[in-house]
Amino acid sequence: MSDYPQINASFVETLQNIANKLRIYSITSTNASNSGHPTSCASAAEVVSTLFFYAMRYKSSEPRSACNDRFVLSKGHAAPVLYAAWAEVGLLDVKDLNKLRTLDSDLEGHPTPRLNFIDVATGSLGQGLSCAAGMAYVAKYIDKAKYRVFCLIGDGESAEGSIWEAIHFSSYYHLDNLVAIIDINRFGQSEPTSLQHDMETYQQRFEAFGWHAEVVDGHNVEQLCKAFLKAANLKGKPFCILAKTFKGKGISSIEDQDNWHGKPLGDKAEEVLEELKQKVTNWAPHNLKPLSPLENITEMEFGQIKIDGSPSYKKGECVATRQAYGNALARLGKVNNRLIALDGDMKNSTFSMKLKEVRPDQFIECFIAEQNLVGVAIGCATRNRCVTFASSFACFLSRAYDQIRMGAISQTNANFCGSHCGVSIGEDGPSQMGLEDLAMFRAIPTCTVFYPSDAVSTERAVELAANTKGICYIRTSRPTVPHFYDNNEKFEIGKAKVLRESNSDQVTIIAACVTLVEAFKAADELAKSSIGVKIVDPFTIKPIDRDTILCCAKRTGGRILVVEDHYPEGGIGEAVTSSLRMERNIIIKHLAVNGVPRSGKPHELLALFGIDAQSIVSAVKEIINL
């Protein structure tokens, strides 16, 4: 790494001047907005100065170039110092920093990809390192490239379990292109952190997880430069710089004092700024430029990712939708070497193992650490480097809901699959039953929610998700189900399928997968009493096909019955009700899992909670007689 600048007195002085200018900009901008975290910015000023003008290689005019080093500010509340750094690089106008946190500016209170130098949104603490690990994994094993990933973490957020999941993951995969910097300023929001400045314990913990850890004075740019240089040359393990810092560094009467988190300096600002300006020994423009990337990398444009040919399921064959999900991953992975599956040690249950069998280099085992699983998937998808599908039992994705929520703010295109949904999984019992997943994902603003009902529609759901912007969620089930569709059936997002109808139908039944099977059984039983029903498979729950549902409802006297293997709140029933809320003369009856379930045979549980064929028959007769 001979092209790194020489660390002499002049270079050190320039970096220190930049650090103090970053403090000044952070104080000025937070005072202008009368909100923000200037003391958290002040503790990280030397780290950020050294990162942007010594350690990182990037094209300042192309912040999202594929060949650039990546930077993740996990302690997102220190956003003003990041914005100040990009202003010092020349990408932003310094005057614009004073628009911090205003409606007409993208300089939000915590970083989001509205800005072209941000890859992932941060601010919900403890998530940045997982995303950075995903980026580093892609660099090392998919791109096989020389760009590196840096992540600045607060000491307070290092108490989050997701941080330690990411630390374990990064060590296991020998991500020697990943550098974590912990800003150990010893204060959280409301009191000192648990370890405060116990640097030895921090170092022992990281080393116990298989990292190389260096303790440095986080306000000594020479020590920081030497640590970053050592990190650039270390092979075989990730590198952690444990930077001992002081909250509010350089701000007299506030430095290392409690109760200054998230507070602009107000009346103190003028005096403090004058003091800091005196510390800048040279206000003339400096000539420091970021190092150039080591190589050029092709930008990725995927276009349409298509399954080669149609599914090949046999008539009369029963297949679980979770198995069809795995089949689709394998088929898509064969035609696209950037399609990545990730799992949390459930691959033989979610069937994501199907991709691993045919393309092992396109599969990432994240083990039982769902928060990190989601964060890594989001990181892998940044800068359009990969198309990612992360799978687990649907119920366990609830553990990572905050990561998924932040994924929407990050404008991610990551896809998720939750298997083992509903009481129909049977004997495993309620802890394993995903019964709130549709509600979870329907609440995500960028999310498309698929609920395929058979193997063919599942494969098409995976194919559509791979080509859809924003988060996609695919709900799969454990029981085998018959085929409702021919192998060449076409599917569209937001388009339902009417699978059974006649001119004399009296009720529209809306159901999916296991309850769709029950609906057909009920329809056959009802036909014996000369009661006809329309059966609608919604395919996507968000967006719901309002037009088809309304058309069917009007043809059946305004009568709708929704039956689903999900809690009543937030599932198919509420999606249908919401879509028709302004329509008159519509009656909607809703069968769902009311109450906490228990272990039992699938058919017993469907009957117990009133979502089996006999319950549908009774509900149809009831709604007709209203």
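About the cut-offs
Residues numbered from 1 in each chain as written. Predicted model: local features only at pLDDT ≥ 70, side-chain atom pairs only at ≥ 80, totals over all residues. Heavy atoms only, no water. UniProt positions renumbered as here; feature names shortened; annotations may be inferred. Pairing = 2+ DSSP bridges. Helix = DSSP H or I, 4+ residues; strand = E, 2+ residues; numbered from the N terminus. Axes fitted to C-alpha atoms, helices over the stretch in contact; angles between N-to-C directions. Contact = heavy atoms within 4.5 Å. Buried < 20%, exposed > 50% of the residue type's maximum accessible area, 1.4 Å probe, protein only. Arc of directions from axis to C-beta. Core = buried A, V, L, I, M, F, W, Y, C linked by side-chain atoms within 4.5 Å. 1 Å grid on protein atoms, 1.4 Å probe; cavity = no way out; pocket = protein on both sides within 12 Å on 5 of 7 lines; lining within 4 Å. Points joined across faces, edges and corners; volume = space filled by probe spheres on them. Nonpolar A, V, L, I, M, F, W, Y, C, P; charged D, E, K, R; others polar. Domains from an automatic or database assignment. Polar contact = N/O pair within 3.5 Å; in protein donor to acceptor, adjacent residues only side chain to side chain.

As recorded by an unreviewed UniProt entry, the protein carries the name transketolase and is attributed to Helobdella robusta. Check the Sequence similarities (unreviewed entry) section of the UniProt entry for the protein; it says "Belongs to the transketolase family." The record held by UniProt for the protein lists under Subunit (unreviewed entry) the comment "Homodimer."

Caption draft 1: Geometry of the sheet that holds strand β7 (residues 339–343). Spatially, 7 strands are ordered β8-β7-β9-β10-β12-β11-β17 in an open sheet, and the strand pairing comes out mixed. The outermost strands of the open sheet, each flanked by one partner alone, are β8 (363–365) and β17 (540–542). Mean inter-strand twist for the sheet, computed between neighbouring axes without regard to direction, equals 20 degrees. In the sheet, strand β10 (residues 415–419) pairs with strand β12 (residues 472–475) via 4 bridges, with the strands oriented parallel. Following the sheet pairing, N415 is matched in β12 by C472. Packing of helix α10 (residues 321–335) onto the sheet brings it into contact with β7, β9 (387–393) and β10, and relative to β7 it is tilted by some 145 degrees.

Caption draft 2: Summary view of the side chain of T458. Residue placement: T458 occurs in helix α17 (residues 455–466). Overall, T458 belongs to the buried group, its relative accessible area being 0%. Those residues in contact with T458, other than ones at most four positions away along the chain, are T321, A324, Y325, P452 and T476.

Caption draft 3: A look at helix α7 (residues 199–208). Those residues of α7 that sit buried are M199, T201, Y202 and F206. Each buried residue of α7 lies within a common arc of 165 degrees when the element is viewed along its axis, so the set occupies one face. Residues E200 and A208 are exposed on α7 and point more than 90 degrees away from its buried face. Buried residues along α7 sit against α6 (161–172), β3 (178–184), β4 (212–217) and β5 (239–244). Looking at the residues trailing α7, positive phi occurs at G210, about 90 degrees.

Caption draft 4: Structural context of the environment of A66. Note on placement: A66 falls in the loop between α3 (45–55) and β1 (70–73). In this structure the C-alpha to C-alpha distance between A66 and T388, which are 322 residues apart in sequence, comes to 17 Å. Setting aside residues no more than four positions away along its own chain, A66 makes contact with Y147, I297, T298, E299 and R385.

Caption draft 5: Spatial organisation of the nonpolar core. Core analysis: the biggest nonpolar cluster contains 150 residues, and L129, F389, Y473 and V620 have the highest contact counts within it. Per-element tally for this core: the top contributor is helix α5 (residues 128–142), with 10 residues. The contact partners of F389, leaving out residues within four places of it in the chain, are Y325, L329, L339, I340, A341, L342, N415, V462, A465, A466 and I474. Judged by nonpolar contacts, the second largest core, of 53 residues, contains Y4, A78, A87 and A243.

Caption draft 6: Up close: the layout of surface pockets. Space inside the largest pocket adds up to approximately 620 Å³. Taken together, 30 residues make up the lining of the largest pocket; nearest its centre are A381, R383, N384, N413 and K469. Of all the secondary structure elements, the ones that give two or more residues to the lining of the largest pocket are α13 (370–381), β9 and α17. Its residues assigned to classes, the lining of the largest pocket comprises 13 nonpolar, 11 polar and 6 charged. Built from parts of two domains, the lining of the largest pocket gets at least three residues from each of domain 1 (14–279) and domain 2 (318–482). Within this model, the second largest pocket holds a volume of roughly 420 Å³. Lining of the second largest pocket is provided by 25 residues; of these, D155, G156, E157, G188 and T193 occupy positions nearest its centre. Split into classes, the residues belonging to the lining of the second largest pocket amount to 6 nonpolar, 13 polar and 6 charged.

Caption draft 7: Representation of the side chain of R475 within the structure. If you trace the backbone, R475 turns up in strand β12. Taking the relative accessible area as the measure of exposure, R475 reaches 0% and is therefore buried. One polar contact links R475 to D437, side chain to side chain, over a distance of 2.7 Å. One polar contact links the side chain of R475 to the main-chain carbonyl oxygen of D565, over a distance of 3.1 Å. Setting aside residues no more than four positions away along its own chain, R475 makes contact with G418, C421, G422, G434, L435, D437, L438, F450, Y451, P452, D565 and H566.

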